[in-house]
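Summary of structural features
Below are the chains, spelled out letter by letter.
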Amino acid sequence: MREIVLDTETTGLDPLRGDRLVEIGCVEIYNRMPTGQTFHVYINPQRDMPAEAFAVHGLSAEFLSTKPLFTEVVEEFLEFIADAPLVIHNASFDISFINAELDRIKRPAIARDRLVDTLLLARRKHPGVSNRLDDLCSRYSIDNSRRTKHGALLDSELLAEVYIDLIGARQSQLILASETRESRAERTGDMPRRQRETPLAPRITDADREAHRAFVATLGDKPIWNEFLGAA
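As a starting point, this report considers the structure included with it. (Residues numbered from 1 in each chain as written. Predicted model: local features only at pLDDT ≥ 70, side-chain atom pairs only at ≥ 80, totals over all residues. Heavy atoms only, no water.)

The next thing to look at is the sheet that holds strand 1 (residues 2-10). The five strands lie next to each other as 3-2-1-4-5, forming an open sheet whose pairing is mixed. Of all strands in the sheet, those with a lone pairing partner are strand 3 (33-42) and strand 5 (115-117), marking the two edges. Along the sheet, successive strands turn relative to each other by an average axial angle of 25°, direction set aside. Across two bridges, the pairing between strand 1 and strand 4 (residues 86-88) is parallel. (Pairing = 2+ DSSP bridges. Helix = DSSP H or I, 4+ residues; strand = E, 2+ residues; numbered from the N terminus. Axes fitted to C-alpha atoms, helices over the stretch in contact; angles between N-to-C directions.)

Another point: the nonpolar core. Grouped together as the largest cluster of nonpolar side chains are 24 residues, with contacts concentrated most on Ile-24, Cys-26, Phe-77, Ile-81, Leu-86 and Ile-110. One finds Val-87, Ala-122, Leu-136 and Tyr-140 within the second-largest nonpolar core, a separate group that totals 17 residues. (Core = buried A, V, L, I, M, F, W, Y, C linked by side-chain atoms within 4.5 Å. Buried < 20%, exposed > 50% of the residue type's maximum accessible area, 1.4 Å probe, protein only.)

Tallying each qualifying case throughout the model produces 12 salt bridges. Measuring nitrogen to oxygen at the nearest pair gives 2.5 Å for the salt bridge that ties Arg-2 to Glu-28. Of the two residues, Arg-2 is situated in strand 1 and Glu-28 in strand 2 (residues 21-30); the sequence distance between them amounts to 26 residues. The exposure class of Arg-2 is partly exposed, given its relative accessible area of 25%. Here Asp-48 ties to Arg-47 by a salt bridge, and the two come within 3.1 Å at their closest N and O atoms. Several salt bridges converge on common partners, so that one network encompasses Asp-19, Arg-47 and Asp-48. (Salt bridge = Lys/Arg side-chain N within 4 Å of Asp/Glu carboxyl O.)

This part covers the packing of aromatic side chains. Each pair of aromatic rings is reported with the distance of its centres and the angle of its planes. One pass over the structure, following the stated rule, counts four aromatic pairs. Plain terms: the ring middles of Phe-39 and Phe-77 are 5.8 Å apart, the flat faces sit at 45° to each other, and that makes the pair tilted. With Phe-39 in strand 3 and Phe-77 in helix 3 (residues 70-81), this residue pair connects regions lying 38 residues apart in the sequence. The pair formed by Phe-39 and Phe-77 is uniform in burial state, with each residue classed as buried. (Phe/Tyr/Trp six-rings, centres within 6.5 Å; stacked < 30°, edge-to-face > 60°.)

Time to look at the side chain of Glu-3. Structurally, the position occupied by Glu-3 is in strand 1. Owing to a relative accessible area of 2%, Glu-3 belongs among the buried residues under this scheme. Among the polar contacts listed, one links the side chain of Glu-3 to the side chain of Arg-32, at a separation of 2.9 Å. Ignoring any residue separated from it by four or fewer positions in sequence, one finds Glu-3 in contact with Val-27, Glu-28, Ile-29, Arg-32, Ala-84, Pro-85, Val-87 and Tyr-163. (Polar contact = N/O pair within 3.5 Å; in protein donor to acceptor, adjacent residues only side chain to side chain. Contact = heavy atoms within 4.5 Å.)

Moving on: the pairing of strand 3. For strand 2 and strand 3, the ladder comprises seven bridges, and the chain directions are antiparallel. Residue pairing across strands places Ile-29 opposite Pro-34, the latter belonging to strand 3.

Okay, the environment of Arg-107 next. On the secondary structure map, Arg-107 appears in the loop between helix 4 (91-104) and strand 5. Look at Arg-107 and you get partly exposed, because its relative accessible area is 27%. Each C-alpha atom, one on Arg-107 and one on Val-74, is 9.5 Å from the other, the two residues being 33 residues apart in sequence. Sequence-distant contacts of Arg-107, defined by excluding residues within four places in its chain, comprise Val-74, Glu-75, Leu-78 and Leu-102.

A separate point is unusual backbone geometry. One non-glycine residue, Gln-46, lies in positive phi territory at about 60°. Among the structural elements, Gln-46 can be located in the loop between strand 3 and helix 1 (51-57). For Gln-46, a relative accessible area of 56% translates into the label exposed. Here Asn-90, not a glycine, exhibits a phi torsion of approximately 65°, which is positive. Positionally, Asn-90 belongs in the loop between strand 4 and helix 4.

This brings us to the packing of helix 3 against helix 4. It is the contact of helix 3 with helix 4, at a shortest axis distance of 11 Å, that shows an interaxial angle of 115°. Crossing angle aside, the handedness with which helix 3 passes helix 4 is left-handed. Touching Phe-70, Val-74, Phe-77 and Leu-78 of helix 3 are Ile-98, Glu-101 and Leu-102, all from helix 4. Per-class residue counts for the contact of helix 3 with helix 4 are six nonpolar, no polar and one charged. (Left-handed = near helix turned anticlockwise from the far one by under 90°. Nonpolar A, V, L, I, M, F, W, Y, C, P; charged D, E, K, R; others polar.)

Here's what the structure looks like:
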């Protein structure tokens, strides 16, 4: 099954108050394994960058001013995600910004029934503790040392690893791999040979052997198969 792990960065917390999308990062996974296929784009929000948001992701208004508008990248984005389920941490936040951008250019919204919210999954599996992405990386021993600031593509890559552990897919893969190795070792090892308690009686009689010797004697010193032996 194809799934897309997705993350965004924005100018703030509320698209209804004018905050805009500035970055999208996507990672493709197939049968719960990353394929190496990604989608990443910075987006010009056509507005200033609040200091609070800049502190989170480090994307300045000056840097983003040279990037494409959402309308210029939307086709490539929608083609990449296609109809796959979208795996997102705190999915309602990211999808509200994506759908707000789609609404601005009169495009259909992404249905919420496509969303797999890893924050909700983590809260069910680890109730009563913090389930931020950094916390989950630490919990599942995933190296997030490169995450000095938030970044949509890096966060999607980390979330893909977290998701695989969160749903137990990595453990299943390890068990399957172990069983495969064991079965392969059993096939290549020494297999016990069963012996008959009473050996079968020989089917070739003394008369058969004598007839064969007499036939070979009629072939002379140059039987035809010697020609093939010489060619080999």
